[in-house]
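As a plain string of letters, each chain reads:
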Amino acid sequence: MAVLSVEGVRKAYQTPAGETVALRDITFSMERGDFFSLVGPSGCGKSTLLSIIAGTMSPTAGQVVVAGEPVTGPNPHIGYMLQQDNLLEWRTVRQNVLFGLEVRHDLTPETRERADHLLETYGLSEFANSRPSQLSGGMRQRVALIRTLAVNPDILLLDEAFSALDYQTRMEVTEDVYRIIRRERVTTLMVTHDIPESICMGDRVLILSPRPAVIRQALPITFDLPVRSPARCRGLPAFASYFDYIWKELGMDETHEDAVGSLAGESPVSAADQAP
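The paragraphs below set out a description of the structure included in this document. Fair warning: this is a prediction, and the values are worked out from it, not measured in the lab.

**Quick look at the pairing of strand 8 (residues 187-191)**
Counting buried positions along strand 8 yields five of five residues, so the element is predominantly enclosed. A two-sided burial pattern is seen for strand 8, the buried positions comprising Thr187, Leu189 and Val191 on one face and Thr188 and Met190 on the other. Pairing of strand 3 (residues 35-39) with strand 8 involves four bridges; the strand directions are parallel. By the bridge assignment for strand 8, Ser37 is matched with Met190. Judged from the five bridges that link them, strand 7 (residues 155-159) and strand 8 form a sheet pairing that is parallel. Counterpart to Ile155 in the pairing with strand 8 is Thr187. Note that the unit made of strand 7, helix 5 (residues 167-184) and strand 8 has a crossover that is right-handed.

Structure (C-alpha coordinates):
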(Lines give C-alpha, C1' and ligand atoms only; values in the text may rest on other atoms or scores of the structure.)
Protein backbone atom coordinates (compact mmCIF):
# COMPACT_ATOMS: atom_id res chain seq x y z
CA MET A 1 0.00 0.00 0.00
CA ALA A 2 1.27 3.45 -0.93
CA VAL A 3 2.20 5.76 1.94
CA LEU A 4 0.90 8.74 -0.05
CA SER A 5 -1.65 8.75 -2.88
CA VAL A 6 -2.68 11.94 -4.66
CA GLU A 7 -5.75 11.07 -6.70
CA GLY A 8 -7.12 13.42 -9.36
CA VAL A 9 -6.53 16.57 -7.32
CA ARG A 10 -7.95 19.77 -8.77
CA LYS A 11 -7.82 23.21 -7.17
CA ALA A 12 -9.77 26.19 -8.42
CA TYR A 13 -10.27 29.68 -6.98
CA GLN A 14 -13.20 32.02 -7.53
CA THR A 15 -12.13 35.52 -8.54
CA PRO A 16 -14.09 38.58 -9.76
CA ALA A 17 -13.08 37.58 -13.29
CA GLY A 18 -14.38 34.04 -12.83
CA GLU A 19 -12.84 30.69 -11.93
CA THR A 20 -9.05 30.31 -11.90
CA VAL A 21 -7.78 26.74 -12.00
CA ALA A 22 -4.42 26.26 -10.25
CA LEU A 23 -4.11 22.45 -10.33
CA ARG A 24 -5.77 19.97 -12.68
CA ASP A 25 -5.91 16.19 -12.31
CA ILE A 26 -2.74 15.77 -10.24
CA THR A 27 -2.20 12.06 -9.65
CA PHE A 28 0.80 10.20 -8.26
CA SER A 29 1.73 7.90 -5.39
CA MET A 30 4.75 7.33 -3.17
CA GLU A 31 6.02 4.28 -1.30
CA ARG A 32 7.87 4.25 2.00
CA GLY A 33 11.31 5.84 1.66
CA ASP A 34 10.66 7.50 -1.73
CA PHE A 35 12.11 10.96 -2.30
CA PHE A 36 10.34 12.96 -5.01
CA SER A 37 11.28 16.47 -6.14
CA LEU A 38 8.59 18.79 -7.48
CA VAL A 39 9.56 21.49 -9.98
CA GLY A 40 7.60 23.82 -12.22
CA PRO A 41 7.28 27.43 -13.39
CA SER A 42 6.78 30.11 -10.75
CA GLY A 43 3.15 30.42 -9.76
CA CYS A 44 2.12 27.03 -11.12
CA GLY A 45 0.82 25.75 -7.78
CA LYS A 46 3.67 23.74 -6.24
CA SER A 47 3.16 25.13 -2.73
CA THR A 48 -0.61 24.87 -3.16
CA LEU A 49 -0.21 21.15 -3.82
CA LEU A 50 1.90 20.74 -0.67
CA SER A 51 -0.73 22.59 1.37
CA ILE A 52 -3.42 20.23 0.05
CA ILE A 53 -1.31 17.18 0.91
CA ALA A 54 -0.62 18.60 4.38
CA GLY A 55 -4.35 19.10 4.94
CA THR A 56 -4.17 22.86 5.49
CA MET A 57 -6.07 23.47 2.22
CA SER A 58 -8.92 21.49 0.67
CA PRO A 59 -8.92 20.41 -2.99
CA THR A 60 -11.81 21.40 -5.25
CA ALA A 61 -11.93 17.82 -6.50
CA GLY A 62 -9.99 14.61 -5.93
CA GLN A 63 -8.42 13.45 -2.70
CA VAL A 64 -5.18 12.80 -0.87
CA VAL A 65 -4.77 9.51 1.00
CA VAL A 66 -2.09 9.11 3.67
CA ALA A 67 -1.48 5.77 5.39
CA GLY A 68 -4.74 4.46 3.94
CA GLU A 69 -6.90 7.35 5.24
CA PRO A 70 -8.22 10.35 3.26
CA VAL A 71 -6.72 13.66 4.39
CA THR A 72 -9.46 15.97 5.71
CA GLY A 73 -7.33 18.33 7.81
CA PRO A 74 -3.88 18.69 9.39
CA ASN A 75 -2.49 15.18 9.65
CA PRO A 76 -0.19 13.81 12.39
CA HIS A 77 1.44 11.51 9.83
CA ILE A 78 2.84 14.52 7.93
CA GLY A 79 5.78 16.75 8.83
CA TYR A 80 6.04 20.12 7.05
CA MET A 81 9.32 22.06 6.81
CA LEU A 82 9.20 25.57 5.38
CA GLN A 83 11.73 28.01 3.91
CA GLN A 84 12.31 29.70 7.27
CA ASP A 85 13.44 27.52 10.16
CA ASN A 86 10.97 29.24 12.56
CA LEU A 87 13.04 28.28 15.60
CA LEU A 88 11.95 29.93 18.85
CA GLU A 89 14.83 32.16 19.92
CA TRP A 90 13.94 32.07 23.63
CA ARG A 91 14.13 28.25 23.73
CA THR A 92 17.22 26.06 23.66
CA VAL A 93 17.95 23.73 20.75
CA ARG A 94 16.59 20.76 22.71
CA GLN A 95 13.47 22.68 23.70
CA ASN A 96 12.92 23.62 20.06
CA VAL A 97 13.24 19.98 19.01
CA LEU A 98 10.65 19.01 21.64
CA PHE A 99 8.24 21.78 20.65
CA GLY A 100 6.25 19.76 18.09
CA LEU A 101 5.79 16.97 20.60
CA GLU A 102 4.51 19.47 23.14
CA VAL A 103 2.00 20.89 20.67
CA ARG A 104 0.73 17.38 19.93
CA HIS A 105 0.57 16.54 23.66
CA ASP A 106 2.90 13.63 22.95
CA LEU A 107 5.80 14.47 25.24
CA THR A 108 6.60 11.16 26.97
CA PRO A 109 9.82 9.55 28.22
CA GLU A 110 9.90 7.55 24.97
CA THR A 111 9.49 10.56 22.67
CA ARG A 112 12.03 12.57 24.69
CA GLU A 113 14.48 9.69 24.29
CA ARG A 114 13.89 9.63 20.52
CA ALA A 115 14.48 13.39 20.29
CA ASP A 116 17.71 13.11 22.28
CA HIS A 117 18.80 10.19 20.08
CA LEU A 118 18.26 12.31 16.95
CA LEU A 119 20.31 15.15 18.44
CA GLU A 120 23.10 12.71 19.29
CA THR A 121 23.00 10.85 15.96
CA TYR A 122 23.16 14.01 13.86
CA GLY A 123 25.84 15.87 15.79
CA LEU A 124 23.80 18.40 17.73
CA SER A 125 23.85 17.00 21.26
CA GLU A 126 26.70 19.31 22.31
CA PHE A 127 24.54 22.28 21.26
CA ALA A 128 21.39 21.02 23.01
CA ASN A 129 21.48 23.86 25.57
CA SER A 130 22.47 26.56 23.07
CA ARG A 131 20.10 29.20 21.71
CA PRO A 132 19.30 29.28 17.97
CA SER A 133 21.08 32.64 17.68
CA GLN A 134 24.32 30.85 18.56
CA LEU A 135 24.06 28.48 15.58
CA SER A 136 25.06 28.82 11.94
CA GLY A 137 22.36 28.88 9.25
CA GLY A 138 23.12 25.30 8.31
CA MET A 139 22.88 24.07 11.89
CA ARG A 140 19.58 25.90 12.34
CA GLN A 141 18.13 24.04 9.36
CA ARG A 142 19.39 20.76 10.80
CA VAL A 143 17.63 21.56 14.09
CA ALA A 144 14.44 22.42 12.18
CA LEU A 145 14.61 19.07 10.37
CA ILE A 146 15.21 17.12 13.58
CA ARG A 147 12.27 18.97 15.21
CA THR A 148 10.11 17.78 12.32
CA LEU A 149 11.42 14.21 12.49
CA ALA A 150 11.00 14.06 16.28
CA VAL A 151 7.22 13.68 15.84
CA ASN A 152 7.97 10.57 13.74
CA PRO A 153 6.06 11.51 10.56
CA ASP A 154 5.43 9.04 7.77
CA ILE A 155 5.75 11.80 5.17
CA LEU A 156 8.01 14.86 5.10
CA LEU A 157 7.09 17.89 2.98
CA LEU A 158 9.90 20.35 2.18
CA ASP A 159 8.77 23.68 0.71
CA GLU A 160 11.85 25.53 -0.59
CA ALA A 161 13.45 24.55 2.71
CA PHE A 162 16.98 25.64 1.72
CA SER A 163 16.32 28.73 -0.41
CA ALA A 164 17.03 31.21 2.41
CA LEU A 165 20.63 29.95 2.74
CA ASP A 166 23.68 31.22 0.88
CA TYR A 167 25.02 28.96 -1.86
CA GLN A 168 27.85 27.29 0.08
CA THR A 169 25.69 26.69 3.16
CA ARG A 170 22.90 25.36 0.96
CA MET A 171 25.26 22.82 -0.59
CA GLU A 172 26.39 21.66 2.85
CA VAL A 173 22.85 21.50 4.22
CA THR A 174 21.52 19.44 1.31
CA GLU A 175 24.24 16.88 2.03
CA ASP A 176 23.22 16.75 5.70
CA VAL A 177 19.50 16.66 5.02
CA TYR A 178 19.78 14.01 2.31
CA ARG A 179 21.83 11.77 4.62
CA ILE A 180 19.40 12.20 7.52
CA ILE A 181 16.28 11.58 5.43
CA ARG A 182 17.76 8.48 3.79
CA ARG A 183 18.86 7.07 7.12
CA GLU A 184 15.44 7.68 8.71
CA ARG A 185 13.65 6.33 5.58
CA VAL A 186 11.04 9.08 5.62
CA THR A 187 8.93 9.42 2.47
CA THR A 188 9.77 12.94 1.24
CA LEU A 189 8.24 15.35 -1.27
CA MET A 190 10.37 18.45 -1.88
CA VAL A 191 9.32 21.60 -3.72
CA THR A 192 12.27 23.48 -5.20
CA HIS A 193 13.04 26.02 -7.92
CA ASP A 194 16.60 24.68 -8.10
CA ILE A 195 16.87 22.11 -10.90
CA PRO A 196 20.28 20.74 -9.77
CA GLU A 197 18.88 20.27 -6.25
CA SER A 198 15.86 18.39 -7.62
CA ILE A 199 18.12 16.03 -9.57
CA CYS A 200 20.70 15.43 -6.85
CA MET A 201 18.18 14.62 -4.13
CA GLY A 202 15.18 13.05 -5.85
CA ASP A 203 14.43 9.47 -6.92
CA ARG A 204 11.94 11.08 -9.29
CA VAL A 205 11.36 14.63 -10.44
CA LEU A 206 7.72 15.58 -10.95
CA ILE A 207 7.67 18.32 -13.60
CA LEU A 208 4.60 20.56 -13.52
CA SER A 209 3.29 22.59 -16.45
CA PRO A 210 2.30 26.27 -16.22
CA ARG A 211 -1.06 26.93 -14.54
CA PRO A 212 -3.41 25.12 -14.62
CA ALA A 213 -0.72 22.68 -13.58
CA VAL A 214 -0.63 19.06 -14.66
CA ILE A 215 2.25 16.62 -14.27
CA ARG A 216 4.08 16.82 -17.56
CA GLN A 217 6.62 14.18 -16.62
CA ALA A 218 7.51 12.01 -13.66
CA LEU A 219 11.17 11.50 -14.40
CA PRO A 220 13.04 8.64 -12.70
CA ILE A 221 16.52 9.67 -11.53
CA THR A 222 19.25 7.07 -11.26
CA PHE A 223 23.00 7.40 -10.83
CA ASP A 224 25.58 4.63 -11.03
CA LEU A 225 27.04 5.21 -7.58
CA PRO A 226 27.71 2.72 -4.79
CA VAL A 227 26.71 5.38 -2.25
CA ARG A 228 24.70 8.30 -3.57
CA SER A 229 25.10 11.84 -2.28
CA PRO A 230 24.11 15.20 -3.83
CA ALA A 231 27.72 16.31 -4.28
CA ARG A 232 28.74 13.10 -6.04
CA CYS A 233 25.75 13.27 -8.37
CA ARG A 234 26.72 16.73 -9.61
CA GLY A 235 29.98 15.40 -11.01
CA LEU A 236 28.46 12.72 -13.27
CA PRO A 237 27.71 13.04 -17.01
CA ALA A 238 24.13 11.89 -16.35
CA PHE A 239 23.58 15.00 -14.22
CA ALA A 240 23.97 17.31 -17.23
CA SER A 241 21.63 15.16 -19.31
CA TYR A 242 18.93 15.28 -16.64
CA PHE A 243 19.41 19.03 -16.26
CA ASP A 244 19.03 19.66 -20.00
CA TYR A 245 15.93 17.47 -20.19
CA ILE A 246 14.17 19.16 -17.25
CA TRP A 247 15.14 22.62 -18.51
CA LYS A 248 13.53 21.87 -21.87
CA GLU A 249 10.42 20.42 -20.23
CA LEU A 250 10.00 23.56 -18.15
CA GLY A 251 10.38 25.66 -21.29
CA MET A 252 7.68 23.85 -23.29
CA ASP A 253 4.84 26.01 -24.63
CA GLU A 254 1.32 25.87 -23.28
CA THR A 255 0.05 23.65 -26.12
CA HIS A 256 1.61 20.71 -24.26
CA GLU A 257 -0.26 21.24 -20.98
CA ASP A 258 -2.22 18.02 -21.37
CA ALA A 259 0.91 15.87 -21.59
CA VAL A 260 0.58 14.21 -18.21
CA GLY A 261 3.67 12.22 -17.22
CA SER A 262 3.49 8.58 -16.20
CA LEU A 263 5.22 7.25 -13.11
CA ALA A 264 6.16 4.24 -15.21
CA GLY A 265 7.92 6.45 -17.76
CA GLU A 266 11.47 5.77 -18.85
CA SER A 267 14.37 8.05 -17.98
CA PRO A 268 15.79 10.00 -20.95
CA VAL A 269 19.28 9.11 -19.68
CA SER A 270 20.50 5.59 -20.22
CA ALA A 271 22.78 3.73 -17.83
CA ALA A 272 25.44 3.85 -20.51
CA ASP A 273 25.56 7.64 -20.18
CA GLN A 274 26.42 7.44 -16.49
CA ALA A 275 29.89 7.49 -15.01
CA PRO A 276 30.92 5.19 -12.13
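**Some words on the sheet that holds strand 8**
Hydrogen bonds between backbone groups are what pair the strands of a sheet, and the pairing can be parallel or antiparallel. Taken in spatial order, the six strands of this open sheet run 6-7-8-3-9-10, and their pairing is mixed. Every other strand in the sheet has two partners, leaving strand 6 (78-81) and strand 10 (215-220) as the edge strands with one partner each. Each strand axis lies, on average, 15 degrees off the axis of its neighbour in the sheet, ignoring direction. Packed onto the sheet, helix 8 (residues 237-250) meets strand 3, strand 9 (204-208) and strand 10 and runs at close to 175 degrees relative to strand 10.

**Some remarks on unusual backbone geometry**
Omega for the peptide link from Arg211 to Pro212 comes to 0 degrees, which places this bond in the cis form. The phi dihedral of Asp25 is positive, around 50 degrees, even though this residue is not glycine. Tracing the sequence through the fold places Asp25 in strand 2 (residues 18-30). Of note in this structure, Glu160 is not a glycine but carries a positive phi near 50 degrees. Examined against the element boundaries, Glu160 turns out to sit in the loop between strand 7 and helix 5.

**Brief notes about helix 1 (residues 46-54)**
Counting buried residues in helix 1 gives eight out of nine residues, a clear majority hidden from the surface. Where helix 1 is concerned, the buried positions are Lys46, Thr48, Leu49, Leu50, Ser51, Ile52, Ile53 and Ala54. One or two positions beyond helix 1, positive phi appears at Gly55, with a value near 90 degrees.

**Examining the pattern of salt bridges**
As enumerated under the stated definition, the model contains nine salt bridges in all. Of the charged contacts in the structure, one is a salt bridge between Glu89 and Arg140, with a shortest N-O distance of 2.8 Å. You can see Glu89 sitting in the loop between strand 6 and helix 2 (93-103) and its partner Arg140 sitting in helix 4 (residues 137-150), a full 51 residues away along the chain. Through salt bridges with shared partners, a single network forms among Asp85, Glu89 and Arg140.

**Observations concerning the nonpolar core**
Generally speaking, a soluble globular protein has its nonpolar side chains buried in company with each other. Grouped together as the largest cluster of nonpolar side chains are 35 residues, with contacts concentrated most on Val97, Val143, Leu145, Leu158, Phe162, Val177 and Met201. Looking at this core element by element, the count peaks at seven residues for helix 4. When residues no more than four places from it in sequence are discounted, the contact partners of Phe162 are Gln141, Arg170, Val173, Thr174, Val177, Met190, Glu197 and Met201. By size, the runner-up hydrophobic cluster in this structure holds 30 residues, among which are Val6, Ala22, Leu49 and Leu189.

**Concerning the packing of helix 3 (residues 109-121) against helix 4**
For any two helices packed against each other, one specifies the crossing angle of their axes together with the interaxial distance. Axis separation between helix 3 and helix 4 bottoms out at 10 Å; the angle between their running directions is 150 degrees. On the basis of their axis angle, the class for helix 3 and helix 4 is roughly antiparallel. You can see that helix 3 and helix 4 cross each other, and the crossing is right-handed. Along the contact surface, helix 3 presents Arg114, Ala115 and Leu118, while helix 4 presents Ile146, Leu149 and Ala150. Per-class residue counts for the contact of helix 3 with helix 4 are five nonpolar, no polar and one charged.

About the criteria used
Within each chain, residues carry numbers counting from 1 in the order of the written sequence. Totals for whole chains, interfaces and linings use every residue, but because this is a predicted model, local features are given only for residues with pLDDT of at least 70 and side-chain atom pairs only at 80 or more, for both listing and counting. Hydrogens and waters are ignored; side-chain quantities use all the structure's heavy atoms. Exposure is judged per residue with a 1.4 Å probe applied to protein chains only, and the accessible area is read against the type maximum: over 50% gives exposed, under 20% gives buried, and values in between give partly exposed. Every helix listed is a DSSP run of H or I at least four residues long, and every strand listed is a run of E at least two residues long, numbered separately from the N terminus. One bridge is not enough; two strands pair if DSSP finds at least two bridges between them. A clockwise course of the path from the first strand over the helix to the second, judged with the strands pointing away from the viewer, identifies a crossover as right-handed. Only the stretch in contact is used when fitting a helix axis, every axis being a line fitted to C-alpha atoms; angles between N-to-C directions are given from 0 to 180 degrees. Should any heavy atoms of two residues lie within 4.5 Å, those residues are considered in contact. Basic side-chain nitrogens of Lys or Arg form a salt bridge, by our definition, when they fall within 4 Å of a carboxyl oxygen of Asp or Glu. Joining through side-chain atoms within 4.5 Å is the link that ties buried Ala, Val, Leu, Ile, Met, Phe, Trp, Tyr and Cys residues into a set, and such a set is a nonpolar core. For classification purposes, angles smaller than 35 degrees are called roughly parallel, those larger than 145 roughly antiparallel, those between 65 and 115 roughly perpendicular, and all remaining angles oblique. Helix crossings fall into two classes, left-handed where the near helix is turned counterclockwise from the far one by less than a right angle and right-handed where it is turned clockwise. Each residue gets one label: Ala, Val, Leu, Ile, Met, Phe, Trp, Tyr, Cys and Pro are nonpolar, Asp, Glu, Lys and Arg are charged, and the others, such as Gly, are polar.

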